[in-house]
Amino acid sequence: MALVKASTKSCAVNPLKMSQPIGGAFAFMGLRGAMPLLHGSQGCTSFGLTLFVRHFKEAVPLQTTAMSEVATVLGGYENLEQAILNIHSRAKPKIVGICSTGVTETNGDDVDAYLKLIRDKHPQLAKLPLVYVSTPDFKGAFQDGWEKAVARIVEALVEGPGVSGLRDPSKVNVLPGCHLTPGDLDELRAILEDFGLRPSFLPDLAGSLDGHIPGEFTPTTIGGIGIDEIASMGRAQWTIAIGAQMRRAAEVLQAKAGVPFRLFERLCGLDPNDEFITFLSEISGRPVPVKYRRQRGQLTDAMLDAHFHIGGRRVAIAAEPDLLFDLSSMLHDMGAQVTAAVTTTQSVVIKRVKAEEVLIGDLEDLEELAGTKQCDLLVTHSHGRQAAARLKIPFYRAGFPMFDRLGAGHQLSVGYRGTRDMIFDIANLVIADREENHQPTPDSWRVPAALPRRAGHSSPGTAERSIA
Amino acid sequence: MSSLAATVQNIFDEPGCAKNGSKSKADRRKGCTRQLQPGSAAGGCAFDGAKIALQPFTDVAHLVHGPIACEGNSWDNRGSASSGSNLWRTAFTTDLNETDIVFGGEQRLCKAITEIINKWDPAAIFVYQTCIPAMIGDDIDAVCKAASQRFGKPVIPINSPGFVGSKNLGNKLAGEALLEHVIGTQEPDYTTPYDINLIGEYNLSGELWQVKPLLDELGVRILSCISGDGKYREVASSHRARAAMLVCSKSMINVARKMKERYGIPFFEGSFYGIQDSSDSLRQIARLLVERGAPQELLGRTDAVIAREETRAWAAIEPYKPRFKGKKVLLITGGVKSWSVVAALQEAGLELVGTSVKKSTKEDKERIKELMGQDAHMIEEMTPREMYRMLKEAEADIMLSGGKSQFVALKAAMPWIDINQERCHAYLGYLGMVKLVEEIDKSLSNPMWEQLRRPAPWQVLAKAMVQMRSPLAEIACDPALGETTRRAKEICFCNKVDLGTIEDAITAHGLISVEAVREHTNAVGGCCNRRIEGILAASPSALPQAAE
């Protein structure tokens, strides 16, 4: 059991956290023909947009109600109305996903009521789903926004199993957490299909942000799960939720359409995938295909080869709760010590992270902990790059955003194969670091008091903190 | 807030702005930012603009007073370069939570400033106001004033909450903050008759350093740059400069004009973007300095440097001319760049099929006409859909634009180069323009495009399947049927010569002209001239010509 602590600082330095509204908008990006809309000032949208574009290197649809100072004083009804009408006529979306921001929450806009008024006034919008999620910036984090948005989509769009109550035995819903990449979703889709199952992913980022080239230009999302398919999710036999953040949506789906669910908190590592594959075999009534038997073998072999390098590493890791739990558990399983763990927001899983302590804090905290506790592997999103350079330790980029490397959308962590590749990547970083920075010298093993054994351990986190 | 409203009003009424000067009094009061359209707006807020303008101050702690979105979603996203401190890349935010919103965030802000001073001891702290603390009435001016006194260190309030307006307005609000709290508060160690300020230059990708060696060579000292590679002390003492160059006129014209009014520093609007522009700017700098008392000989030395650099640059661009022959460029950018790069691109042999003038002034448009002719294709506003169409239909071979339209070009499998603020190459000065031409060549000559534009094999297969179902396919499979069809199709109606006869003659004798066909068959080649040409073009022996 890890002790969960919150930072007591007044000034967050080098934030790890991103805001709820863009997490919510991210969920809508996995819907086909969608236009996510942030109800706030235009900066709220433009910052989010830039962040997504830098991460995916893709065009990203995201609109704003462009609240001005005056509109904020008078209330945002007119801006919201205009925004919806504009989007409806210009982008012709299949759905508009609306997320509130700090501005409109502080000023107390009653968006649900506004939407009712707008619908009454504009009958042409009758067939356009407008899904609203309350996501104030000053509460929670990115992951919370995603969690709430998916739950709201289920609530608003999934239909019951129909009068007959008949379920389609091969139809399975998958509710992936926001820590999975489009590549992960495609991997999962392939696995499920190999068991003869027909999965519906909600949201399906693999359809929209996997980097494919659409036939023509569209201002909305270029793929993802369609509205009809979401409606049909009530007829599925099972729901698979991935990451603790997806429990809420799975429960809503169960309450609404009676679809039972199974929650997988992790899908990175040998154990969790054994559990997952066994479950698929059970619900599909099919034996595990040879392909996965082989992949399991490959993963175990990868673990054997990599444990020399990962085992004993002192890991400093910072990520949103579900990703933190997933990756740190996998690294722990490989013999690494999770020495410093930082996350963004409360969650049921963080006290089960295999570390002494989990801090709800920022990347300054991570850097300080990594320095004082002499960590020699850093795992976090791209914003950790400055800390990694100062700490001079190998840096594995994981999570969102990843803007300074290509292929963020295709980095795998799920399944036997995904875990295998990730283990190789991390082990290779460690090997490269050893060859570049830790070649033995005649002085390597002299009395440690006089000479620090490893350059990487001279702590920049404490007294003479270098900001240069 | 009333004082902020007054500042905004004041900024909109900018006498130094040519566009503003040409408006009626009533229009002027309305301001220059277009009312934002909810649901179809793009671009940053005023806070974004203020941050962009000031973040290149390298030795300052930039503290964002607001909820996590404002800094957490946006930090470390600018490519400015620093020759010294990297403090500017560290993100500081008060990360306001619900309790702060209810009870006010001033206390947290106060503590945050204390933490920063204790841990980092920066040259100064800039405190950025955002929407929410502005709404709940946090008085950052008062907090900053108290903190400045307590710590004996400049703590500067930047009053530019996002919802007051656009990014551009934010640039100017940042400028106002500098004028009010920073510029003129310190004295330089020494001054020279060659001291200048660069205003509105952000040193993206370190591009300022492409020009600085030339200024160094001339003995011109950049007393301060606002704000690229900026140092607090330099900007605080920038009022002692002899002249100033306003680089990005859209962003900080108020700073240049007010420094002229207050400290008598003359300025000119110029750019180091493009060869001609670089030369003009260097000349202007020399001229202004000489007017303010620098020795006359500076002019001659400047001309010599310009002549040398121009010769070098044109020589470096020369080899690209044959490579760029017939290549067409679509230029989507704003303001000065809409024409300043045109000359260099034209000199390199590229044809401009259009340039955008959305953010350009009247003078900008005049310059475009000078360069591209009276019927220059000036694009007021272009939708992404239209850009995509132009590229897809190969009306342009390459697009130069800002990051926002990047995917429009790339998804059409067309070359694209970033020439706006997110660019990762430096394109300033003489070297920079050569670099830009080099980049264009690299992109245009990349063999990848050809493969990318080819349809996927299954699309070709699908097409073949469709062809199989056509009547022609039947002929191809059945030689006898083909033969009769060939014989039945009359080409020369006058002398009744059929397709089969002509085709056979072409194949048998390797004919390549209508003349030759006439010699070997009965065909007249008069009214059937076109038809025979068509057969020649389609026949195997004509292939070499067709390939050319």
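Residues numbered from 1 in each chain as written. Chains lettered and ligands numbered in written order. Predicted model: local features only at pLDDT ≥ 70, side-chain atom pairs only at ≥ 80, totals over all residues.

### Concerning the overall build of chain B
Part 1 of the argument: Within chain B, the regular secondary structure consists of 30 helices and 15 strands.
Part 2 of the argument: For 548 residues, the compact-globule formula gives about 24 Å, and the C-alpha radius of gyration of chain B, at 32 Å, lies well above that figure.
Part 3 of the argument: Principal axes of the C-alpha set define a box for chain B whose edges measure 105 × 65 × 45 Å.
Part 4 of the argument: Put simply, chain B has 548 residues, and 47% of those count as buried.
Part 5 of the argument: The contacts in chain B between residues at least 6 apart in sequence include a share of 69% that link residues at least 24 apart. (Helix = DSSP H or I, 4+ residues; strand = E, 2+ residues; numbered from the N terminus. Rg over C-alpha atoms; globule rule 2.2 N^0.38 Å. Buried ≥ 20, exposed ≤ 12 C-beta atoms within 10 Å, placed from the backbone. Contact = placed C-beta atoms within 7 Å.)

### With respect to the overall build of chain A
Part 1 of the argument: In terms of helices and strands, chain A carries 17 helices and 15 strands.
Part 2 of the argument: Counting only C-alpha atoms and orienting by the principal axes, one finds that chain A spans roughly 80 × 60 × 45 Å.
Part 3 of the argument: Taking all 468 residues of chain A together, the buried fraction comes to 58%.
Part 4 of the argument: For chain A, the share of sequence-separated contacts (at least 6 apart) that also reach a separation of at least 24 residues comes to 72%.

### A closer look at the domain arrangement of chain B
Note: interface size is frequently given as the accessible area lost on complex formation between the parts.
Part 1 of the argument: The assigned domain composition of chain B is domain 1 (33-181), domain 2 (195-313), domain 3 (318-423) and domain 4 (489-547).
Part 2 of the argument: Placing a centre on the C-alpha atoms of domain 2 of chain B and another on those of domain 3 of chain B gives a separation of 27 Å. (Domains from an automatic or database assignment.)

### Quick notes on the domain arrangement of chain A
Residues and elements named next belong to chain A.
Part 1 of the argument: Domain annotation for chain A reports domain 1 (20-157), domain 2 (168-290) and domain 3 (295-457).
Part 2 of the argument: Distance from the C-alpha centre of domain 2 to the C-alpha centre of domain 3: 28 Å.
Part 3 of the argument: Tallying the contact residues gives 23 residues for domain 2 and 28 residues for domain 3.
Part 4 of the argument: If you list the elements that add at least two residues to the side of domain 2 that touches domain 3, you get α8 (182-194) and α12 (270-284).
Part 5 of the argument: A total of six residues in the side of domain 2 that touches domain 3 trace back to one element, the largest contributor, which is α8.
Part 6 of the argument: Of the residues in the side of domain 2 that touches domain 3, the class split is nine nonpolar, nine polar and five charged. (Nonpolar A, V, L, I, M, F, W, Y, C, P; charged D, E, K, R; others polar.)

### Things to note about the nonpolar core
Part 1 of the argument: Counting residues in each nonpolar core, the largest one holds 283 residues, and the members touching the most others are A:Val150, A:Leu378, B:Leu63, B:Val127 and B:Ala244.
Part 2 of the argument: At eight residues, helix α7 (residues 142-157) of chain A tops the list of elements feeding residues into this core.
Part 3 of the argument: If near-sequence neighbours (up to four positions away) are discounted, B:Ala244 is found in contact with B:Ile196, B:Asn197, B:Ile199, B:Ala256, B:Met259, B:Ile265 and B:Phe267. (Core = buried A, V, L, I, M, F, W, Y, C linked by C-beta atoms within 7 Å.)

### Describing the interface of chain B and chain A
Part 1 of the argument: Contacts between chain B and chain A engage 55 residues on the former and 54 residues on the latter.
Part 2 of the argument: Elements supplying a minimum of two residues to the side of chain B that touches chain A: α4 (46-54), α5 (68-72), β2 (92-93), α6 (98-103), α7 (106-120), α8 (131-136), α20 (384-392) and α21 (406-411) of chain B.
Part 3 of the argument: By residue class, the composition of the side of chain B that touches chain A is 28 nonpolar, 16 polar and eleven charged.
Part 4 of the argument: Where strand β2 (residues 12-13) of chain A and β2(B) come together, two bridges link them in antiparallel fashion. Its bridge partner lying in β2(B), A:Ala12 is registered against B:Thr93. (Pairing = 2+ DSSP bridges.)

### Quick notes on helix α11 (residues 247-257) of chain A
Residue and element names in this part refer to chain A.
Part 1 of the argument: For α11, the full list of buried residues reads Ala 249, Ala 250, Leu 253 and Ala 257. Taken end-on, α11 shows its buried residues confined to a sector of 100 degrees, consistent with a single buried face.
Part 2 of the argument: The elements touched by buried residues of α11 are α7, β7 (168-176), β9 (236-242) and β10 (261-264).
Part 3 of the argument: Just downstream of α11 lies Gly 258, where phi reads positive at about 70 degrees. (Arc of directions from axis to C-beta.)

### Remarks on the environment of A:His332
Residues and elements named next belong to chain A.
Part 1 of the argument: With respect to the secondary-structure elements, His 332 resides in helix α14 (residues 321-333).
Part 2 of the argument: In the structure, His 332 is positioned 21 residues away from Val 353 in sequence and 9.3 Å away in space, judged by C-alpha atoms.
Part 3 of the argument: Apart from the residues within four sequence positions on either side, His 332 is in contact with Val 338 and Lys 354.

### Section: the sheet that holds strand β1 (residues 60-65) of chain B
Part 1 of the argument: Across the sheet, five strands lie side by side as β2(A)-β2(B)-β1(B)-β3(B)-β4(B); this open sheet has mixed pairing. In the strand order of this sheet, the two ends are held by β2 of chain A together with β4 (155-158) of chain B, each with one partner.
Part 2 of the argument: Seen against the sheet, α4(B) touches β3 (124-129) and β4 of chain B and runs at an angle of roughly 165 degrees to β3(B). (Axes fitted to C-alpha atoms, helices over the stretch in contact; angles between N-to-C directions.)

### Brief notes about the confidence of the model for chain B
Residue and element names in this part refer to chain B.
Part 1 of the argument: Predicted confidence across chain B gives a mean pLDDT of 86, with 91% of residues reaching 70 or more.
Part 2 of the argument: The low-confidence segment residues 541-548 (pLDDT under 50) makes ten contacts with residues lying over four places distant or belonging to another chain.
Part 3 of the argument: Across the assembled chains, the prediction reports ipTM 0.92 with pTM 0.87. (pLDDT = per-residue confidence, 0-100.)

### Some details on helix α11 (residues 208-218) of chain B
Structurally, the α-helix is built with 3.6 residues per turn, so residues lying three or four positions apart point the same way.
All names here are of chain B.
Part 1 of the argument: Listing the buried residues of α11 in full gives Leu 208, Gln 210, Val 211, Lys 212 and Leu 214.
Part 2 of the argument: Contact partners of the buried residues in α11: β5 (195-201), β6 (221-227), α14 (275-291), α15 (297-317) and α22 (429-444).
Part 3 of the argument: Following α11 by one or two positions, Gly 219 adopts a phi angle in the positive range, close to 80 degrees.

### Points about the confidence of the model for chain A
Part 1 of the argument: Of all residues in chain A, 96% have pLDDT values of 70 or greater, and the mean over the chain is 93.
Part 2 of the argument: In this model, residues 455-468 of chain A is a region of pLDDT below 50 whose contacts with residues beyond four sequence positions or in other chains number 30 contacts.

### Things to note about the environment of A:Ala398
Residues and elements named next belong to chain A.
Part 1 of the argument: For Ala 398, the location among the structural elements is in the loop between β15 (395-397) and α17 (415-437).
Part 2 of the argument: Taking the C-beta count within 10 Å as the criterion, Ala 398 has 27 such neighbours and is therefore assigned buried.
Part 3 of the argument: Expressed as a C-alpha distance, the spacing of Ala 398 and Arg 434, which sit 36 residues apart in the sequence, is 21 Å.
Part 4 of the argument: When neighbours within four sequence positions are excluded, Ala 398 is seen to be in contact with Ala 319, Leu 323, Leu 327, Val 379, Thr 380 and His 381.

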